[in-house]
Amino acid sequence: MTRLSHRSLLPALVVLGSLLSMAPSASAAPVADTAPAASTTAGSATGTAVGQRDAYVDVSVATLWVQPGRVRPVDLPSTTNPADPRRWTAGMTLAERRWLIGDLETQATYGQRVIVLEESGDWAKVVVPGQPTPRHELGYPGWLPTAQLTAGRLFGRFAADRPFALVTSATAWLYADPGQTRPVIELSFNTRLPVVARLPRAVLVATPSDGLKWLAATDVSVYSSPAAIPTPTGSDLVRTIGMFIGLPYLWAGTAGFGFDCSGLTHSVYAAHGITIPRDAQDQAAAGTPVALDELRPGDLVFYARDNGAGRVHHVGMYAGDGYVIDAPTNTDTEESGVELVRLDEHRYAHEYAGARRYLGQ
């Protein structure tokens, strides 16, 4: 049997990387492989329909907005390409974070497929498949700068039929070299990129528009398909969500740089191969109802207005032994983050509205 070392593979990989980085755009529309920084000029919430087409997120985390162009100077790190979500979240005051409530929709991670519905200036309205909502049959809707998208036709073919690396760390760096000395982009938990080759300490992956790059083997799990992700136990889910304790709250956040309450539960389940609705009220309407005295680790617990009788506004994950882990909102007077707290001492304990189970259905 002939053994191939990573050195003998290198010429082919270089050619493949060049093809990936030079792949032509899927259309002449302004979803570009290399795009200028996003405009901050306000736009209309109604754009020009372009017909549905696929595109891929070309930044570490793309934030979807309710309206195109409604951003402040402090939001610039979240709207450019490359984006800098860590600088964005660290640079906001608590009041500036609160301003985002009602203006953001959700987030999508690097390499994630989105469906473009329409455009308005330098912005595109997209939906994010895999984030179920009654608001659109194809996924969660919102606006983002077209600078953060790429047509990525060749990348899309790789993503469709190659094994993928799933980022299992809270965040992970993408590197230009297998020795992991030249960091390129800090990626989020639950980012998925097609695998080209594997070494003991590094995994070679395709990127949407920047050729081939490397991830540390310790930061990812590699699967042949989404169906190959092992079914988790409740303890697995709790262990994963526990990585984020202390992470500041971010309205609409679904990434390792900041979560909202339902973005946290949705993303943790998604990383374990289970798709649940994106928003708390929809999560509360799915799954299997569970009585308070029958809660198991991994179950989701909900809180609603009018002392639990009204509209669901918050969700957390039961961690066992009477505790819940959740991302409390930042509407209080102090900065809040993901926390582990006793269920009967929770800030919304008086609004408890039941629980749902998604495992073992």
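Chemist: So what's going on with helix H6 (residues 234–241)? Which residues, and what values?
Modeler: It helps to recall that an α-helix has 3.6 residues per turn; residues three or four apart then point in one direction. By the burial criterion, the buried members of H6 are Gly 234, Leu 237, Val 238, Thr 240 and Ile 241. Looking straight down H6, one finds its buried side chains confined to an arc of 160°; they lie on one side. Buried residues in H6 make contact with helix H7 (261–271), strand S19 (312–320) and strand S20 (323–326).

Chemist: So what's going on with the sheet that holds strand S13 (residues 212–216)? Residues and values would help.
Modeler: The strands making up a sheet associate through hydrogen bonds between their backbones, and the pairing can be parallel or antiparallel. Strand order across the open sheet formed by seven strands is S10-S9-S13-S12-S11-S8-S14, with antiparallel pairing between neighbours. The sheet is open, and its two edges are formed by strand S10 (183–188) and strand S14 (220–223), each paired on a single side. Strand-to-strand, the axes of this sheet are offset by a mean angle of 40°, without reference to chain direction. In this sheet, strand S12 (residues 202–206) lies alongside strand S11 (residues 192–198) in antiparallel orientation, the contact comprising three bridges. In the sheet register, Val 195 faces S12, and the bridge partner there is Val 205. Sitting on the sheet, helix H5 (residues 153–161) touches S11 and S12, and the angle it makes with S11 is about 80°.

Chemist: Pulling in residues and values, what's your account of the environment of Val 126?
Modeler: Take Val 126: it is sitting in strand S5 (residues 123–128). Expressed as a C-alpha distance, the spacing of Val 126 and Tyr 140, which sit 14 residues apart in the sequence, is 8.0 Å.

Chemist: Describe the packing of H6 against H7, listing the residues and the values that go with them.
Modeler: H7 packs onto H6 with a crossing angle of 125° between their chain directions and a minimal axis gap of 10 Å. With respect to their mutual orientation, H6 and H7 come out oblique. The two elements H6 and H7 cross, and the hand of that crossing is right-handed. Seen from H6, the contacting residues are Leu 237, Thr 240 and Ile 241; seen from H7, they are Leu 264, Val 268 and Tyr 269. For the contact of H6 with H7, the residue count by class is five nonpolar, one polar and no charged.

Thresholds applied
- Residues numbered from 1 in each chain as written.
- Predicted model: local features only at pLDDT ≥ 70, side-chain atom pairs only at ≥ 80, totals over all residues.
- Heavy atoms only, no water.
- Buried < 20%, exposed > 50% of the residue type's maximum accessible area, 1.4 Å probe, protein only.
- Helix = DSSP H or I, 4+ residues; strand = E, 2+ residues; numbered from the N terminus.
- Arc of directions from axis to C-beta.
- Contact = heavy atoms within 4.5 Å.
- Pairing = 2+ DSSP bridges.
- Axes fitted to C-alpha atoms, helices over the stretch in contact; angles between N-to-C directions.
- Parallel < 35°, antiparallel > 145°, perpendicular 65-115°, else oblique.
- Left-handed = near helix turned anticlockwise from the far one by under 90°.
- Nonpolar A, V, L, I, M, F, W, Y, C, P; charged D, E, K, R; others polar.

Note that every value here comes from positions in space, so none of it alone points to a role or purpose.
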